[in-house]
Each structure stands twice: as C-alpha cells, then as structure tokens.
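The primary structure of each chain is shown beneath.
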Amino acid sequence: MLAGRLTLDMNDNLHQLRCFGCGVRIRGDQAGSIFRCKECGDLFEVEYPGWGLVGGTDRPNAGALKWLWRDRRASSELLDHSGVWRFREMLPILDSFGNAVTLREGNTPLYHLPRTAKALGVDQIYAKHQGMNPTGSFKDTGMTAALSVAKERGFEWVACASTGNTSAAMAAYAARAGMKCLVLIPQGKIAWGKLAQSMDYGAVTCQLNTDFDGCVRVLSTIVQQAPIYLLNSVNPYRLEGQKTPALEIAEYFDWSVPDHILVPGGNLANGSALGKGLREMKELGLISRLPKISVIQAEGANPLVRSFIANDGQSMEPVVANTRATAIRIGNPASWRKASRTIHETGGWCLDVSEGEIAVAKAELGREGIGSEPASAVTLAGLKKLVAQGKVAPSDTVVLLLTGHTLKDSDYTIDFHRGTLLKPEEAAPLVPEIDALRRDAIEVEATPDAVLKALKEIQGRWV
C-alpha cells in the first residue's frame, strides 16, 4: 500500500524551468523551440519548487523512496523495468507517466576493475558502463525523458544534430513512439556503426558539409521555422533522464557515494546531469555528501580545459575540434557553464588527454573484458594523470563513466591493433604500452602444427 500511495501522491507534474544565467523561472511549455532564455540567452534547467520545503507535501521522503525503488526491482510493470522511470519520483516532468516512452533503458552494470586498480595503486576502481543501454550509449537515459515530453505535448517530429550516439538514441525512441525524426550529422565525422543505427530506426538523416557545431546552428534555425521538437542536450529534460545513473551508483553503494566520478567531456551535459542528480539527492537526504566530479576532454577538443586554465571556467572560447574520439569531437559545448559549476561545486578537476593516451586506455579497459567506444576511455586516461598528480588517494573509491559500447566504433579498435591508428609522433611517448597491448590477427596455415608453432613464438611476448 505504501508504494501505491507514494506513486499516486507524486505523479503530479511539479516542475518549472529556471534560467541558469539570470534565474528567471517559466513553465515548461514556455521554453521556446531552442530552449534558450529570452532575457539572457542562457540554458534552462528543471527544478522542483516543492522539494525545498522541509516537511512539505511535495517533498519526497528519502527513506520511503529507497524502499520503493528497491521494491520495484521485482515489479512486473513495464515502467519499473526502466532504470530511469524506476526513479520517476525524482523526475516528475510528465502530466501522466503513462506517456513515458521506454526501451528498458538504464539499470546498467557497475564493473569492478581489479587489474586497473592494482596497476594504479588505488583500492577500488569501477566502470559504470552506460554503453549497455538499448542503443549502446548513455544518450538513451536522456532520450526516454525528453522524447516522452515531446510525445505528451503532441509533437509529430523530433530532431537533433549529432556526432552519432544522440541520433541513434533519438531514432530508436521516436520509432518506438510512432514519431518522425530528423538527424543532422557532420559529413565524414561520424562512426559508421552509429550512422547505421539512425538509418535502421527510420530517421531522415542528412549529412552536412560542416562540423557538429555547424549542424547545431542549422538545426536551431529549422526548429524555429517548423513544428519540430529539439532533442539536443540544450533540452533540459534530457538532463533529467541523464541524472539517473547517479542514483544507480548511489544505490549500488547502499546510498553512500564514491570519492570520485570521472566523466568524458563532449557537449558537457553528462557531467552537468550527474552533478544535478547528486545535488538533488543530497538536498533530499538520500546521500550525505557529494563526490568529486572531474570532466576529461581530448586534447584536440578541449574548450573547457582551456577555459579553466585561462579564467577558472568563468568564460569559454570555442575551438575547432579534432579528435578520433568522435563522440566528444565538439568545439563549442552548450552546457559548459553547467559543467563548470559541477566541477567547482564538487571540488573536481578538468583536464585533457592525448590521442595516444586515449588509445592505450581503451585497450587497457579491453584487457579487463570491458569494451567501450574511444570517448569513454578518456576517463581512465584522465584517472592515470590524476593519480600521478596525487589528486586521487590510494584509499579512494573511483567510478569511471563509460558512455558508449565498443561496437559503436569498431574501426578504431581494429586500427589500433593493426598499428595504423596513431601517427608516429602520437605513438612515440607510449611505444612500450602500445606494444604490450596490441593484438593484431596472425596469418597462419590451416594446420594444428602451424597454430601451435605460432603460439610458441608469441609466448612471453603477449602477456
């Protein structure tokens, strides 16, 4: 009976939108087509005004919620099978939860990394693998939330600009909801595995002769001229879904939190969303403290890193992005202010890693039996730097957020093991590590003796 009463009491749409810049508050349906404040041009974030009143009827009860969410794990209800909507009391953004569009996203594994922990001298290192979502990336957790809002508000078309993962997620959820979708991608700058997904799910896919930021500019004009709902991460409802991995992490550690969470930095909504989720959990009494959140970027796509070096993250200049980690090849990230706040608020850091360091870290994750797309591996590469700088203690518990599945960009993996991925100058500082990790296929005669001879020859070289 408790579960039924709690769900009934909290099934009201209790949210409003607050401008991150000037603080103006509006109703959700007043945000406009590009989700920018009319007063100052900044982004909105979702807030729940009833949560601030201790003892108020709209404020969730932390103890009851923990019991309810655990109880839902055994539920036969479809919505309870979602790792986003299982926590729906933390995102009351729909008039009716019956309008939620779900593919059973979330509930992703948290893997212990014993080899990595031993190598770095850190007691506990885990990987939260968001690549185990239905379309293979963390974008599903945000897409189920934002597309559900679009469906409830009567939109027929949704759209996004994408480096790959967003388009795959949007196309899948639009197909599930019976909606139409438009994808704009940069010509020649997207992994084929991701492009194949958006095609397979029925999206209208347009390749533009520009970069991701150019696609965003084109789309921003389109959605102001046509009744199309924008589903890029400027949409604040995306972040409501993307905050739920923070709930899963806290629940895994019995409502404690790790000391440190490392997140890849592309358009910077992911770290922002996790920070929002953790902050709300602390305000509601679900957890007692915040972990450090650090954002890791690629050296060739590092506008936030440059911002922290220049002015401690107070202003940012766009860069021309260039990295093989295509998911974070973004030079003008929309959520940089929110990400900067999260880093400052939690005491984390912002740093970048080289192409060689990304490639090595990805292969090292593979040696743990954990595959990921290249952008995910920046977290391990960043952790290695933080350990070397003394910013992560041996007694710390660390969680690396892996954002995408290894099959999202299989060409990258094959090129690494063939030795064709990196330029000589990129590989030079890391030759011993690369040689120890490469596993190129060996051409062998089709006889048992030939295979056994090959094994003997490589013994001691491959460990």
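Residues numbered from 1 in each chain as written. Predicted model: local features only at pLDDT ≥ 70, side-chain atom pairs only at ≥ 80, totals over all residues. Heavy atoms only, no water.

Visitor: Any chance you could break down the pairing of strand 5 (residues 124-129) for me, citing the residues and the numbers?
Guide: Of all six residues in strand 5, five are buried; the element is thus mostly enclosed. The pairing of strand 5 with strand 13 (residues 397-402) spans six bridges and is parallel. By the bridge assignment for strand 13, Gln-124 is matched with Thr-397. (Buried < 20%, exposed > 50% of the residue type's maximum accessible area, 1.4 Å probe, protein only. Helix = DSSP H or I, 4+ residues; strand = E, 2+ residues; numbered from the N terminus. Pairing = 2+ DSSP bridges.)

Visitor: For helix 9 (residues 244-252), give the residues involved together with the corresponding values.
Guide: With eight of nine residues buried, helix 9 is to be regarded as a mostly interior element. For helix 9, the complete set of buried residues consists of Thr-244, Pro-245, Ala-246, Leu-247, Glu-248, Ile-249, Ala-250 and Glu-251. After helix 9 finishes, the residue Asp-254 shows a positive phi value of roughly 55°.

Visitor: Provide a residue-level description of the sheet that holds strand 2 (residues 25-26), including the pertinent values.
Guide: If you walk across this open sheet you meet the three strands as 2-1-3, and the pairing is antiparallel. This sheet does not close on itself; its edge strands, each paired only once, are strand 2 and strand 3 (44-47). By the bridge criterion, two bridges tie strand 1 (residues 16-19) to strand 2 in an arrangement that is antiparallel. If you follow Leu-17 over to strand 2, its bridge partner there is Ile-26.

Visitor: So what's going on with the pairing of strand 13? Residues and values would help.
Guide: Across the six residues that make up strand 13, a large majority, six, are buried. Across three bridges, strand 10 (residues 260-264) lies against strand 13 in parallel orientation. Bridging across to strand 13, Leu-262 finds its partner in Leu-400.

Visitor: How would you explain the confidence of the model for the protein if you had to name every residue and give the values?
Guide: Looking at the protein, the pLDDT average stands at 92 and 95% of residues meet or exceed 70. Segment residues 1-11: pLDDT under 50, and 18 contacts once partners within four positions in sequence are set aside and those in other chains are kept. (pLDDT = per-residue confidence, 0-100. Contact = heavy atoms within 4.5 Å.)

Visitor: Pulling in residues and values, what's your account of the pattern of salt bridges?
Guide: Taken as a whole and judged by the stated rule, the model has 22 salt bridges. The salt bridge partner of Arg-72 is Glu-89, with a shortest N-O separation of 2.6 Å. Remark: Glu-89 occurs in the loop between helix 2 (62-72) and strand 4 (110-112) and Arg-72 occurs in helix 2; sequence separation between them is 17 residues. Exposure remark for Glu-89: the relative accessible area of 2% places this residue in the buried category. Shared partners join several salt bridges into a network, and the residues in it are Arg-18, Arg-25, Glu-45, Glu-47 and Arg-341. (Salt bridge = Lys/Arg side-chain N within 4 Å of Asp/Glu carboxyl O.)

Visitor: Give a description of the nonpolar core that names residues and reports values.
Guide: Grouped together as the largest cluster of nonpolar side chains are 83 residues, with contacts concentrated most on Trp-69, Trp-85, Met-90, Ile-93, Val-158 and Met-281. Ignoring anything within four residues of it in the chain, the contact list for Met-90 reads Tyr-48, Trp-51, Trp-69, Glu-240, Lys-243, Leu-247, Glu-280, Met-281, Leu-284 and Leu-286. Among the nonpolar cores identified, the runner-up in size contains 39 residues, and Ala-363, Leu-365, Val-378 and Ala-381 belong to it. (Core = buried A, V, L, I, M, F, W, Y, C linked by side-chain atoms within 4.5 Å.)

Visitor: Run through the side chain of Thr-326, naming residues and quoting values.
Guide: Tracing the backbone shows Thr-326 in the loop between helix 11 (303-311) and helix 12 (336-346). Leaving out residues up to four positions away in the same chain, Thr-326 has contacts with Thr-163, Lys-189, Ala-191, Lys-194 and Asp-409.

Visitor: How would you sum up the packing of aromatic side chains? Please name residues and give values.
Guide: Scanning the entire structure with this criterion turns up nine aromatic pairs. Ring geometry for Trp-69 against Phe-87: centres 5.0 Å apart, planes inclined by 80°, an arrangement best described as edge-to-face. Note that Trp-69 is positioned in helix 2 and Phe-87 in the loop between helix 2 and strand 4, a separation of 18 residues in sequence. Looking at Phe-87, the relative accessible area reads 0%, which means it is buried. (Phe/Tyr/Trp six-rings, centres within 6.5 Å; stacked < 30°, edge-to-face > 60°.)

Visitor: Before we move on, could you go through the packing of helix 4 (residues 139-152) against helix 5 (residues 165-177) and cite the residues and values that matter?
Guide: Contact geometry of helix 4 with helix 5 gives a least axis separation of 9 Å together with a crossing angle of 45°. The angle between helix 4 and helix 5 falls in the class oblique. In this structure, helix 4 crosses over helix 5, and the sense of that crossing is right-handed. The residues of helix 5 that touch helix 4, namely those facing Lys-139, Asp-140, Met-143, Thr-144, Leu-147 and Lys-151, are Asn-165, Thr-166, Ala-169, Met-170, Tyr-173, Ala-174 and Ala-177. For the contact of helix 4 with helix 5, the per-class residue count stands at seven nonpolar, three polar and three charged. (Axes fitted to C-alpha atoms, helices over the stretch in contact; angles between N-to-C directions. Parallel < 35°, antiparallel > 145°, perpendicular 65-115°, else oblique. Left-handed = near helix turned anticlockwise from the far one by under 90°. Nonpolar A, V, L, I, M, F, W, Y, C, P; charged D, E, K, R; others polar.)

Visitor: Describe a nonpolar patch on the surface, listing the residues and the values that go with them.
Guide: On the surface, a nonpolar cluster with roughly 420 Å² of combined accessible area is contributed by Ile-442, Val-444, Val-451, Leu-452 and Leu-455. Looking at where Leu-452 falls in the secondary structure, it is placed in helix 18 (residues 448-458). (Patch = residues over 30% accessible without salt bridge, like charges linked within 9 Å, V, L, I, M, F, W, Y side chains within 5 Å. Areas by Shrake-Rupley, 256 points an atom, 1.4 Å probe, with all protein chains shown as cover.)

Visitor: Describe empty space enclosed by the protein, and please don't skip the residues or the numbers.
Guide: Applying the stated criterion across every chain, the model contains three cavities of 30 Å³ or more. Put simply, the largest cavity is a space of about 250 Å³. Contributing to the lining of the largest cavity are 22 residues, with Phe-138, Lys-139, Asn-267, Ala-327 and Ile-330 lying nearest its centre. Elements that contribute at least two residues to the lining of the largest cavity include exactly helix 5, helix 8 (236-242) and helix 10 (269-283). Each pocket or cavity is described by its volume, and for the second largest cavity that value is around 40 Å³. When grouped by side-chain class, the residues that make up the lining of the second largest cavity number one nonpolar, two polar and five charged. (1 Å grid on protein atoms, 1.4 Å probe; cavity = no way out; pocket = protein on both sides within 12 Å on 5 of 7 lines; lining within 4 Å. Points joined across faces, edges and corners; volume = space filled by probe spheres on them.)

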